[in-house]
Amino acid sequence: MSDASNAKKGFLGGLSEKLEGVNLRQNGIFLALLGLIIFFAATTPNAASITPTNWSNLVVQNGYILVLAIGMVMIIIAGHIDLSVGSLAAFIGAVAGVLVVRPLEQDGWDWLPALPWWAGILGAIAVGALVGVWQGYWVAYVGIPAFIVTLAGMLLFRGMALMTLQNSNIGPFPDEFRAIGNGFLDKENALGTAIGLPEQFNAWALIATALGILAIWFQAVRTRAGRIKYGQPTEPSFWFFGKNIALSTMVAYVGFQLSQANGIPYTLILLVFLIVIYTMVMNKTTFGRHIYAIGGNLHAAMLSGINVRRVNFWLFVNMGALAALSGVLIAARMNSAVPKAGDGFELDAISSVFIGGAAVQGGVGTVTGSMVGGLIQGVLGNGMNLLSVGIDAQMTIKGLVLLLAVAFDVWSKNRK
Amino acid sequence: MNNILEMRNITKTFPGVRALDNVSLEVKRGEIHAICGENGAGKSTLMKVLSGVYPHGTYEGDIFYEGEIQAFKNIRESEAKGIVIIHQELALSPHLSIAENIFLNNEITKRGLIDWNRTNQEAQKLMAKVGLREKPDTKVMEIGVGKQQLVEIAKALSKQVRLLILDEPTAALNDEDSSHLLDLLRQLRSQGISCIIISHKLNEIASIADKTTIIRDGKTIETLDMAGGKVDQERIIKGMVGREMENRYPAHTPTLGEEVFRVENWTVHHPEDKARVVVDNANLYVRRGEIVGLAGIMGAGRTELARSVFGHSWGSNISGKVFVNGKEVDVRTIRGAIDAGIAYATEDRKRFGLNLIDDIKRNISMASLKKFVKRGLVDDNEEFRVGSSYRESMNIKAPSVLSIVGKLSGGNQQKVVLSQWINTAPEILILDEPTRGIDVGAKYEIYLIIQRLVDEGKGVIVISSELPELLGICDRIYAISEGVITGEATRAEASPELLMKYMTKEKEKSNV
């Protein structure tokens, strides 16, 4: 390319060339989240939005939505939708209540002994997966659109939650059970005391943060080295280092804040684990790649030998299990299984996925994007609460954010 | 003014393709004018220019209709002047009644509301005109294809049609319905309605048309006067295929090995209309190193045969046997067919072949993803390496294999499709219209790829609507007509005339 044409393209043109291979949409959404955090830090009284406790709240209050969003983004990439997850979470919360807490009297369940907390959780997740089998059967093997199947499921599971709970609540849960939704790793900071750390810092939180940052760099460098070895194009190095330094700084900052609150919430550990696993599933397993292929072009996927029915079936089983986990988190956090639990959460999960860059037509979307989408909603809600914005205005703003995020996608696609 | 229509020197180009090159057409008032040509010759494009689907300004040349120059911007404008086109795939709404369909987008209203009494009354009149004996409120989905065709014509009449264009009107009809339709066209002619008919059924054309214009490679070849029965099918065929064979096909000497693929007594029924036989007791075989052609007009059952063999991906009630390397294989699922060594590259790569929003390397690995799995995880570096090697060997023109497939040209997309299937390491590749919609240079490259494949000892079946292509690259050609394999010719025997004769051979009537 000649110098003249380079000059004509100017700074922005040159930059966009340099940024080739960089996913602007994905990074844009990340910057939007950052912007929101800064905005609320500046506007909330005494910067209440960035106090250690508030960071901690942000995680535990949004954990169950994020868990739902992980399953939801997979469903949406394949070109389906799941409207039943909120109701399913409520039903599973109820099941967990029955399994773990002393069962209700005169409800027909009294033959069942109360299970240990871990067995209750596993049982509840198994029931969730079974519900997924039910929905997956109708979608994949009977061929009823997921919208209909899960719309029916939305009523069905809410009804079953009510039946299971007989219009009352079950609780309280044992402490170990509650810890998943509400607990922190070494909240008493026994380790910190033992090694003589200043008492306002939680030792495990600092260790976990350090390990997290190490893991980020280890993975990033390893991937980049592999790509270079195979001659694959890579992000420009300024971008590679810039991005990972920014990410590490964020992690360090949040980790440092959490260490000054109660430490690392168990919910966060669970979430990080799920995000890592499911990102790998989506990018690196045949199952995940088949999901993208099905969403991208169903016919082509079929004709290349992908067993579309089986993939669709397992997608819903997986969603059922994740919705169950979400239900457990909700019950643990509220310390009680209630019939109204998870009301409308399916819509929050779906919004997270679309704000996170998934396409309505399917074939496009990422787990991390959906997490950022979920956090944008979470930060927005949390910030507006701190600013004492009324629920009416909150709903209006959240609706507009969803619409604009997707509109931005459509516009940028049309411009190409 | 004797001519109702004159199209003068129409030229229409698409990126990279000249679909119509200086085509002229004259249609007299009250005449049935047939247009003949091979698939892809430009017939439909010409009709789309006439009806305004391709608006004025997107083509060169002039359309004189009723003595005036016309500049249609859309179908509405051409219909307003009495030009109505009935497409091969009928444009009826199956859940609406006959009357509703006839007056769709042309509703009879009274004070802003639909006047149902008059709608049904008028519909009844039109239905009587076309000889359709049904109630006006019968749903279109409840009547057969033949009657649906009549509904389309009634709809055209309701728009005061003066020039009726029918694209393959009898392709989906049985003999009785066909002859009824042709009678109706004669009747309309006597009422002064002119008609352009596009058809592959040459015997019908010979019996009904007053004039026949032949189009080949986007050019008008000749207009034959059909009066007096001087022009027979052979004469039309000669006009359709009689082109000089240029050096468009790379020379190749085949090295034939033993039989690699065989289909025996293969019968397939339509997936919805389960009584309809679409492939009728087909038998064919392919040897290693052999390029075998499958010729047939559209709808003859070529693709249906291929897709039913490929994992029963089309059709119902399929019977027969498939052998690969002499061993019978189970092709009931696509995975099974692929594992047995069969690959099928679709005729419609955008709809059925590619994930257009994904990149080249992932499209190439799509049908063979298992090969890239290491310790349970897909190795994307390996995908990149394999994809890049195909990019080089197939000459896929893209900056890298990370380019999005939807942005490639047709020829390059086709090379991605071929790479995708070659990477499944098949014994036999069925290539359905492998050069459709791609330019001449890329076609040549595709031919070379096909020859390379057979030189490696694979068998290849090429399905194509272009006879010269089949004659140019195939070692042996089967012809299929109405689901029956009607003939077979080696490279030495094959000629356009012979194949066209096989391809238009009609089923022997066993009953009536």
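Please read these numbers as outputs of a predicted model, since none were measured by experiment.

Undergrad: Please provide a residue-by-residue account of the sheet that holds strand 13 (residues 259-269) of chain B, values included.
TA: Residues and elements named next belong to chain B. One open sheet holds the four strands; their spatial order is 14-13-16-17, and the pairing between them is antiparallel. Two strands lie at the open edges of the sheet, namely strand 14 (277-287) and strand 17 (327-328), each paired on one side alone. Here seven bridges tie strand 13 to strand 14, and the two strands are oriented antiparallel to one another. Its bridge partner lying in strand 14, E259 is registered against R287. Strands strand 13, strand 14 and strand 16 (316-324) of the sheet are contacted by helix 9 (residues 302-309), whose axis makes an angle of about 110° with strand 13.

Undergrad: Which residues make up the pattern of salt bridges, and what are the values?
TA: Residues and elements named next belong to chain B. Scanning all chains against the criterion turns up 35 salt bridges over all chains. Ionic pairing is found between R235 and E222, a salt bridge with its closest N-O pair at 2.7 Å. Placement of R235 in helix 8 (residues 233-241) and of E222 in strand 12 (residues 219-225) is noted, with a sequence separation of 13 residues between them. A relative accessible area of 28% places R235 in the partly exposed class. The shortest N-O distance in the salt bridge between E488 and R476 comes to 2.8 Å. Placement of the pair is E488 in strand 24 (residues 484-490) and R476 in strand 23 (residues 476-481), with a sequence separation of 12 residues. Residue classification places E488 among the partly exposed positions, given a relative accessible area of 37%.

Undergrad: So what's going on with the pairing of strand 22 (residues 459-464) of chain B? Which residues, and what values?
TA: Residues and elements named next belong to chain B. Counting buried residues along strand 22, six of its six residues qualify, which places the element largely inside the surrounding structure. Across five bridges, the pairing between strand 21 (residues 428-432) and strand 22 is parallel. Bridge assignment links I430 to a residue of strand 22, and that residue is I461.

Undergrad: Residue-level account of the interface of chain B and chain A, with values.
TA: Facing the 35 residues of chain B at the interface are 28 residues of chain A. Our enumeration of links across chain B and chain A arrives at three salt bridges. The partner of B:D380 in a salt bridge is A:R227, and the shortest N-O contact between them spans 3.5 Å. Inspection of the chain B/chain A interface yields six residue pairs in polar contact (both at pLDDT 80 or more).

Undergrad: Give me the lowdown on the sheet that holds strand 24 of chain B, citing residues and values where you can.
TA: All names here are of chain B. One open sheet accounts for six strands, arranged 18-21-22-15-23-24; its pairing is mixed. Unpaired on one side and paired on the other, strand 18 (342-345) and strand 24 mark the two borders of the sheet. Each strand of the sheet is rotated relative to its neighbour by a mean of 20°, with strand direction disregarded. Here five bridges tie strand 15 (residues 291-295) to strand 22, and the two strands are oriented parallel to one another. From the neighbouring strand, I291 faces strand 22, where its bridge partner is V460. The sheet strands contacting helix 17 (residues 496-503) are strand 15, strand 23 and strand 24, and the helix crosses strand 23 at an angle near 35°.

Undergrad: Any chance you could break down the packing of helix 4 (residues 116-130) of chain B against helix 5 (residues 145-158) of chain B for me, citing the residues and the numbers?
TA: All names here are of chain B. At a minimum axis separation of 9 Å, helix 4 and helix 5 run at an interaxial angle of 120°. One element, helix 4, and the other, helix 5, form an angle in the oblique class. Both helix 4 and helix 5 take part in a crossing whose hand is right-handed. Here helix 4 contributes L126, K129 and V130 to the contact with helix 5, which in turn contributes L150, I153, A154, L157 and S158. Its residues assigned to classes, the contact of helix 4 with helix 5 shows six nonpolar, one polar and one charged.

Undergrad: Please give an account of the domain arrangement of chain A that cites residues and values.
TA: Residues and elements named next belong to chain A. The domain architecture assigned to chain A consists of domain 1 (55-183 + 265-416) and domain 2 (186-263). Domain 1 and domain 2 are separated by 27 Å when their C-alpha centres are compared. At the interface, five residues of domain 1 touch seven residues of domain 2. Across the interface of domain 1 and domain 2, roughly 470 Å² is buried in total on both sides, 74% from carbon and sulfur atoms. When the buried area of domain 1 at its contact with domain 2 is split by residue, W55, S56 and P265 rank highest and sum to 80% of it. The tally of links between domain 1 and domain 2 comes to zero salt bridges. Taken together, the links from domain 1 to domain 2 amount to zero residue pairs in polar contact (both at pLDDT 80 or more). Broken down by secondary-structure element, the contributors of at least two residues to the side of domain 1 that touches domain 2 are helix 3 (52-77) and helix 11 (266-284). Class assignment of the residues belonging to the side of domain 1 that touches domain 2 gives a composition of four nonpolar, one polar and no charged.

Rules used in this analysis
Residues numbered from 1 in each chain as written. Chains lettered and ligands numbered in written order. Predicted model: local features only at pLDDT ≥ 70, side-chain atom pairs only at ≥ 80, totals over all residues. Heavy atoms only, no water. Pairing = 2+ DSSP bridges. Helix = DSSP H or I, 4+ residues; strand = E, 2+ residues; numbered from the N terminus. Contact = heavy atoms within 4.5 Å. Axes fitted to C-alpha atoms, helices over the stretch in contact; angles between N-to-C directions. Salt bridge = Lys/Arg side-chain N within 4 Å of Asp/Glu carboxyl O. Buried < 20%, exposed > 50% of the residue type's maximum accessible area, 1.4 Å probe, protein only. Polar contact = N/O pair within 3.5 Å; in protein donor to acceptor, adjacent residues only side chain to side chain. Parallel < 35°, antiparallel > 145°, perpendicular 65-115°, else oblique. Left-handed = near helix turned anticlockwise from the far one by under 90°. Nonpolar A, V, L, I, M, F, W, Y, C, P; charged D, E, K, R; others polar. Domains from an automatic or database assignment. Buried area = accessible area lost by both parts, 1.4 Å probe.

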